[in-house]
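Results of the structural survey
Here are the chains, one letter per residue:
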Amino acid sequence: MGEQSNLSIGHSPGDEPGKTKTVNAESSNAWYVNMNNGNVNTNNKTNAGRVRPVSATDKPIYDIPLSSIVHAFDVCCKNKRNTDDCIEFSFEYDTDLVAVWDAIRYGRYEPDYSKCFIRKKPVLREIFASAYVDRVIQHWADLRLDPILEERFQAQGNVSKNCRIGEGALSAVIYLNGMIMEVSENYTKDAYIFKGDFKSFFMSMSKSLLWEMIDLFIRDNYKGDDIECLLYILRTVIFHQPQYKCYRKSPLHLWDELPHDKSLFHADPDHGFAPGSLHAQKFANFIGSCFDYYVSEILGIKHYVRFVDDFAFVMRNKEDILNTVPLLDSYLKEQLLLKLHPKKIYIQHHSKGVLFVGAFILPGRIYISNRVVGNLYDVISKYNKIAEEGFAEAHADKFVATLNSYYGLMRHFNTYNLRRKVAKRINPAWWEYFYVQGHWEVFVLKNEYNFKKQLKKTNKKRQCEKNILPRKLAKPIEQLSDGTWIIRYAIQSIDRTDNEGNELVTFASSIFLEKPTLEMIKKSIHRYAMSVLDDEDVLPLVANPDLSVYMIID
């Protein structure tokens, strides 16, 4: 990263058309963008070629191990094992992972059908949820792409705050607040804030431009021997058009209310990425990093921060900001094929404050935005109606999770009185199921209604009280005297013996009215595994069961 190289970023505003401007840059920035002809080239004519189109062949094209796909599956499932999509995919995960691995190796991989829906809050937004198997492949690529992207973001001064570990909306707000304090010398000098926005960012990104840039960036920075496979997957994902391969899950009339420039269904084939996928966020951050470089290094603006398509910087003089705005607009249009949103330009003295990614920053204090508070009130009204209809118990865990997502952000700002005020709007019926911990900071579900804890407790109790036998009698499968069949799994010693000195073991079990097939046994063990995800002692015993011990039934 420290090696210097030349970076041609096209002609900046004021430069002579038809020429490129060359500057010193980190090797992570080493691509050449000539926006006069739309091409992205390097000065190294011996550089490796692009990923070639592939067709079905008898020999593998990309030699990647199946274990790398399995690892990506484990990463993808982290903190999501209780979701419906993860549970459903896990029933056939081994077969599906082998199938997608085989498709990638032979150059036949195509993303599966997505789920498309409209999200109403905070504004109408079109979301495409990838099939779970495609999410696994996205994580496979991200495990390789993210480290070199992170190096790039760090080399640029960590001005990008989205979709990165340890960063987020909160860190963006704190970073901007710190910049305001620094430039204004703790609010004693004049300082002016500029806030801008990329217009229809996700729908306006050029796929061709992104592919050329990401291809060169990876070839310059990625050192793995699976680089060609990585590029093949990224190219497939970039040029995939999910709008032609999806199921619409929301009422169709919602698309009539959605502006055309916010929907992939009205985008041309070379533009637009669907918010909701992992790669869409990564690609957006990568494109944004080019803008970060221009603002910070070319224009020399040091007090700058960006969160997705929202960005802000602070300067001493208002005139300097006014002179900078046309340069930003020209760069976006000519270099990145994007636009500065003309209706979202904000220039104001620091004493007037600024609204940035859900928070309102004023000298010496930060408040939550009115829109966030309004959304929280809407959530409470929705769940109060559920309580009035008598279904509170079934939705208590989701309500607690939703409240904590809002309060987790609010408690970092000056919102103590607001948090108390908001909590008073909660229907009294809900307090039977949860309580508040700390100074109106965290909502906690009562143990008797925490069904995950109860299930785990029940499983342990059942094992301790009922499923204990000498090891020689705890057969993996056997037919009982009443004609039913029992299968045993998660068998482990309890460090005790019976009166005859035989080792005692505990186990989980399932009963079948008739002789089960291996597929039935596999699903039964998997359902049990889903109930012990937090048990580090038991989960390894059932995560990858050896089905050969049950072969007696076939």
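In this text the structure is predicted, and so the values were computed from the model without any measurement. (Residues numbered from 1 in each chain as written. Predicted model: local features only at pLDDT ≥ 70, side-chain atom pairs only at ≥ 80, totals over all residues. Heavy atoms only, no water.)

1. Let's talk about the nonpolar core
Core analysis: the largest hydrophobic core is formed by 120 residues, its most contacted members being Ile69, Ile104, Leu176, Ile218, Phe291, Trp430 and Phe434. It is helix H4 (residues 132–155) that provides the largest number of residues to this core, a total of 10 residues. Contacts of Trp430, omitting those with residues within four sequence positions, involve Tyr383, Asn384, Ile386, Ala387, Ala392, His395, Ala396 and Phe399. (Core = buried A, V, L, I, M, F, W, Y, C linked by side-chain atoms within 4.5 Å. Buried < 20%, exposed > 50% of the residue type's maximum accessible area, 1.4 Å probe, protein only. Helix = DSSP H or I, 4+ residues; strand = E, 2+ residues; numbered from the N terminus. Contact = heavy atoms within 4.5 Å.)

2. Examining the sheet that holds strand S17 (residues 468–470)
If you walk across this open sheet you meet the 4 strands as S17-S20-S19-S18, and the pairing is antiparallel. Strand pairing shows two members of the sheet lacking a second neighbour, S17 and strand S18 (477–479), which therefore form its edges. Taken over all neighbouring pairs, the strand axes of this sheet differ in orientation by 45° on average, direction set aside. Note: S17 against strand S20 (residues 503–512), 3 bridges, orientation antiparallel. Looking at the pairing, Leu469 lines up with Val505 of S20. (Pairing = 2+ DSSP bridges. Axes fitted to C-alpha atoms, helices over the stretch in contact; angles between N-to-C directions.)

3. Describing the pattern of salt bridges
Counted under the stated rule, the structure contains 18 salt bridges. With a closest N to O distance of 3.3 Å, Lys189 and Glu185 form a salt bridge. Looking at Glu185, the relative accessible area reads 39%, which means it is partly exposed. Across the pair Arg488 and Glu478 runs a salt bridge whose closest N-O atoms are separated by 2.8 Å. One end of the pair, Arg488, is in strand S19 (residues 485–497); the other, Glu478, is in strand S18, and 10 residues separate them in sequence. Each of Asp85, Lys115 and Arg135 takes part in a single network of salt bridges with overlapping partners. (Salt bridge = Lys/Arg side-chain N within 4 Å of Asp/Glu carboxyl O.)

4. Concerning the pairing of strand S9 (residues 304–307)
Two faces, one strand: in a regular strand the side chains alternate between the faces of the sheet. Residues Tyr304 and Arg306 line one face of S9 and the alternating positions Val305 and Phe307 line the opposite face, and both faces are buried. As judged from the 4 bridges shared by S9 and strand S10 (residues 310–315), these two strands associate in the antiparallel manner. Within the sheet, the bridge partner assigned to Phe307 lies in S10 and is Asp310.

5. Comments concerning the side chain of Arg488
Exposure remark for Arg488: the relative accessible area of 5% places this residue in the buried category. At 2.8 Å, the side chain of Arg488 and the side chain of Glu478 are in polar contact. Contacts of Arg488, omitting those with residues within four sequence positions, involve Leu469, Leu473, Ala474, Lys475, Pro476, Glu478, Phe507, Ala508, Ser509 and Tyr550. (Polar contact = N/O pair within 3.5 Å; in protein donor to acceptor, adjacent residues only side chain to side chain.)

6. Some thoughts on the environment of Leu66
Within the secondary structure layout, Leu66 lies in helix H1 (residues 66–77). Setting aside its immediate chain neighbours within four residues, Leu66 contacts Leu97, Val98 and Trp101.

7. Looking at the confidence of the model for the protein chain
Low-confidence regions, as indicated by low pLDDT, have predicted coordinates that should not be scrutinised in detail. Within the protein chain, residue pLDDT values average 84, and 85% of them lie at 70 or more. Counting contacts from residues 1–56, a segment whose pLDDT is below 50, to residues more than four positions away or on other chains yields 130 contacts. (pLDDT = per-residue confidence, 0-100.)

8. Overview of the packing of aromatic side chains
Counted according to the given criterion, the structure contains 31 aromatic pairs. Where Phe201 meets Phe202, the ring centres are 5.7 Å apart and the plane angle is 55°; that geometry is what we call tilted. Of the two residues, Phe201 and Phe202, neither departs from the other in class, the shared state being buried. Taken together through their ring pairs, the aromatic side chains of Phe194, Phe198, Phe201, Phe202, Phe291, Tyr294, Tyr304, Phe311, Phe313 and Tyr331 make up a single cluster. (Phe/Tyr/Trp six-rings, centres within 6.5 Å; stacked < 30°, edge-to-face > 60°.)

9. Concerning the environment of Leu362
Note on placement: Leu362 falls in strand S13 (residues 359–362). The exposure class of Leu362 is buried, given its relative accessible area of 15%. When the C-alpha atoms of Leu362 and Asn177 are compared, they prove to be 8.4 Å apart, with 185 residues separating the residues in sequence.

10. What about the state of the cysteines?
Taken as a whole, this structure holds 0 disulfides when the rule is applied. Lacking any disulfide linkage, Cys86 is separated from the closest cysteine sulfur, that of Cys77, by 3.4 Å. (Disulfide = S-S within 2.5 Å.)

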